[in-house]
Amino acid sequence: MDTNVIIAIVVVVVIAALLAIGGWWFGKSRKSAVDKSTEAAKAKADARLATEKSAAQSAAASAENAEKTKETAESAATEAVESATSSATPESPVATEPTPVGSAVTESATPAVETPEAAGTRMQRLKARLSKSGNPFGRALFNILAKDQLSESDWEDVEDTLLLADVGAEASEQLVEELRNDARIAGQSDPAEVRAALKDKLLKLVGTDTDRRLNADKEGANKPSVIIMVGVNGTGKTTTAGKLSRLLVSEGKQVMLGAADTFRAAAADQLETWGAKVGVPVVRSDKDGADPASVAFEASAKAKEANADVLIIDTAGRLQNKSNLMDELGKIRRVTEKNLPVDEVLLVLDATTGQNGMTQAKVFAEAIGITGVVLSKLDGSAKGGIVISVQKELGVPVKLVGLGEGPDDLAPFDPEGFVDGILA
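Since the structure is predicted, the reported quantities are computational estimates derived from the model, not experimental observations.

About the criteria used
Residues numbered from 1 in each chain as written. Predicted model: local features only at pLDDT ≥ 70, side-chain atom pairs only at ≥ 80, totals over all residues. Heavy atoms only, no water. Helix = DSSP H or I, 4+ residues; strand = E, 2+ residues; numbered from the N terminus. Buried < 20%, exposed > 50% of the residue type's maximum accessible area, 1.4 Å probe, protein only. Contact = heavy atoms within 4.5 Å. Areas by Shrake-Rupley, 256 points an atom, 1.4 Å probe, with all protein chains shown as cover. Pairing = 2+ DSSP bridges. Patch = residues over 30% accessible without salt bridge, like charges linked within 9 Å, V, L, I, M, F, W, Y side chains within 5 Å. Salt bridge = Lys/Arg side-chain N within 4 Å of Asp/Glu carboxyl O. Axes fitted to C-alpha atoms, helices over the stretch in contact; angles between N-to-C directions. Left-handed = near helix turned anticlockwise from the far one by under 90°. Nonpolar A, V, L, I, M, F, W, Y, C, P; charged D, E, K, R; others polar. pLDDT = per-residue confidence, 0-100. Core = buried A, V, L, I, M, F, W, Y, C linked by side-chain atoms within 4.5 Å. Phe/Tyr/Trp six-rings, centres within 6.5 Å; stacked < 30°, edge-to-face > 60°. Lys NZ or Arg CZ within 6 Å of the ring centre and 35° of its normal. Expected span 1.5 Å × (residues − 1).

1. Comments concerning the overall build of the chain
- Counting its secondary structure elements, the chain contains 14 helices and 9 strands.
- Split into buried and exposed, the 424 residues of the chain put 41% on the buried side.
- Partitioning the contacts of the chain with sequence separation of at least 6, the portion at a separation of at least 24 is 77%.
- When the accessible area of the chain is evaluated, it comes to approximately 22000 Å², of which 55% is carbon and sulfur surface.

Okay, structure coming up:
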């Protein structure tokens, strides 16, 4: 055999052997790598499963502990309630709140209920405050009339003083004429006699024989007796309604308040605050801007059901020249009277507005019909003459006067106390 052929065969055999050996080694290395990768993945998966199992066991343990804590707390609370209930005695009953139906009927959440000041004490303070007023027109009148000889200019000063005090033109002219013809003033003037004459004339104009009682205080009054509060914005109507409830409570009456002022957001809250102080329930709407007539209807139904002595319905302040707002007052009255007759409509006037208040009063009297006037802010008697003019123009009496900002600064109007106060 040729040498070259032999060499070629040997080379082919060596190459084949090398290829076989290389293939075997490559396969073995590949299998080892796959085995290692599989083991690593398996180890990783086992570690993840172990972690998840541990977390699940921890969560279960936490939930179990929380449930045990809740059960313990509920058990303790139950024991406390049972203990409190068992310790309650007839002398110290556990207080309960009534469940509201329809419009919300709210009662005081304040633990201590105030005791309002008695009406008699209020009237004494009325006289004292008026006598200390900075500019009482009675003092100005007295200083003029106490002169020995009164000239024509003095009488003009008297009339000007009366007009500035909002007595009104017709009443001022009448008073001047009567004073001119009074012998106690026309001659040589004695201060005591001048004062007596002036007091007599003022009392006559104010009116001493007028029945100024609220209709709720009169014999044969309806029960519940309904009072509707009306007036323009800013006269203190809601505050007066709250103060009136205190005054009636001080007289031993069971009172309920109706918050029919649904236009002013804070009005119902303000009324609730007044009610809470003296333990008077308040009927109000569950939402702002509700129909005020519906609140009045609900309040009258609640008052009738509770057999209250007096229901006071507060209405929204309104401009007297807005006919639609004035018509709404009539609607409130008509709707209320489907449940209860309306005994009283009180017009709240700001005493400091003077003759502007008279214009308001006339429109309200035509729109809803008023039975009495409440004069607020009468702490200074410089404008006290409006008592005379408002009664003369409207033909209804001033029944109540507001003396200041305090909760008990509302009193029944007493003509003699009023005149004594401004002449002090």
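Moving on from the model shown.
2. Comments concerning the pairing of strand β7 (residues 372-376)
- Counting buried residues in β7 gives 5 out of 5 residues, a clear majority hidden from the surface.
- Neither face of β7 is left uncovered, since the one carrying Gly372, Val374 and Ser376 and the one carrying Val373 and Leu375 both have all their residues buried.
- Strand direction decides the pairing type here: strand β6 (residues 342-350) and β7, joined by 5 bridges, are parallel. Counterpart to leucine 349 in the pairing with β7 is leucine 375.
- Across 3 bridges, the pairing between β7 and strand β8 (residues 398-402) is parallel. Bridge pairing links valine 374 to leucine 400 in β8.

3. Overview of a nonpolar patch on the surface
- On the surface, a nonpolar cluster with roughly 340 Å² of combined accessible area is contributed by Ile6, Val10, Val14 and Leu18.
- We classify valine 14 as partly exposed; its relative accessible area is 42%.

4. A short note on the pattern of salt bridges
- In this structure the tally under the stated criterion is 19 salt bridges.
- The partner of lysine 223 in a salt bridge is aspartate 309, and the shortest N-O contact between them spans 3.3 Å. Highlighted residues: lysine 223 in the loop between α7 (191-206) and β2 (225-230) and aspartate 309 in the loop between α10 (292-306) and β5 (310-315), separated in sequence by 86 residues.
- You can call aspartate 309 partly exposed: its relative accessible area is 23%.
- Here the residues in one salt-bridge network are Asp211, Arg213, Lys218 and Glu219, joined through shared partners.

5. Re the packing of helix α5 (residues 169-180) against α7
- Relative to each other, α5 and α7 sit at 145°, their axes nearing to 11 Å. Note on packing geometry: the crossing formed by α5 with α7 is right-handed. Judged by residue contacts, Ala171, Gln174, Leu175, Glu178 and Leu179 of α5 engage Leu198, Lys201, Leu202, Lys204 and Leu205 from α7.
- Split into classes, the residues belonging to the contact of α5 with α7 amount to 6 nonpolar, 1 polar and 3 charged.

6. Digging into the confidence of the model for the chain
- Of the residues in the chain, 72% reach a pLDDT of 70 or more, and the chain-wide mean stands at 76.
- For residues 70-102, every residue scores under 50 in pLDDT, and the model assigns this stretch 9 contacts once sequence neighbours within four places are set aside.
- Taken together, the stretch residues 107-111 has pLDDT below 50 and engages in 6 contacts with residues farther than four places along the chain or on a different chain.

7. What about helix α14 (residues 415-422)?
- In terms of burial, α14 is largely enclosed, as 7 of its 8 residues are buried.
- For α14, the set of buried residues is Pro415, Gly417, Phe418, Val419, Asp420, Gly421 and Ile422.

8. Some thoughts on the nonpolar core
- Core analysis: the biggest nonpolar cluster contains 69 residues, and Leu145, Val158, Leu202, Val230 and Leu375 have the highest contact counts within it.
- Looking at this core element by element, the count peaks at 7 residues for α7.
- If sequence neighbours within four positions are ignored, leucine 375 has contacts with Leu349, Ala351, Ile386, Val387, Val398, Leu400, Val401 and Gly402.
- Among the nonpolar cores identified, the runner-up in size contains 23 residues, and Leu244, Leu257, Val280 and Val282 belong to it.

9. Overview of the packing of aromatic side chains
- Applying the stated criterion across every chain, the model contains 1 aromatic pair.
- Aromatic pair phenylalanine 413 and phenylalanine 418: ring centres 5.4 Å apart, planes at 55°, arrangement tilted.
- Its guanidinium or amino end placed over the ring of tryptophan 274, lysine 277 lies 5.2 Å from that ring's centre, counting from NZ or CZ.

10. Points about the pairing of β5
- Extensive coverage of β5 is indicated by the burial of 6 of its 6 residues.
- Of the two faces of β5, both are covered, the one formed by Val310, Ile312 and Asp314 as well as the one formed by Leu311, Ile313 and Thr315.
- As defined by bridge partners, strand β3 (residues 255-260) adjoins β5 across 6 bridges and the pair is classed as parallel. Paired with methionine 256 across the strands is leucine 311, a residue of β5.

11. Observations concerning the side chain of threonine 161
- Positionally, threonine 161 belongs in helix α4 (residues 152-164).
- Among the residues examined, threonine 161 registers a relative accessible area of 15% and is labelled buried.
- Non-local contacts of threonine 161, meaning those with residues more than four positions away in its chain, are made with Phe137, Ala140, Leu141 and Ile144.

12. Here we look at α10
- A rise of 1.5 Å per residue sets the reference length of α10, with its 15 residues, at 21 Å; its end C-alpha atoms lie 21 Å apart and thus fit the reference within 8%.
- Among the residues of α10, those classed as buried are Pro292, Ala293, Val295, Ala296, Ala299, Ser300, Lys302 and Ala303.
- Positive phi shows up at asparagine 307, right after α10, with a value of about 55°.

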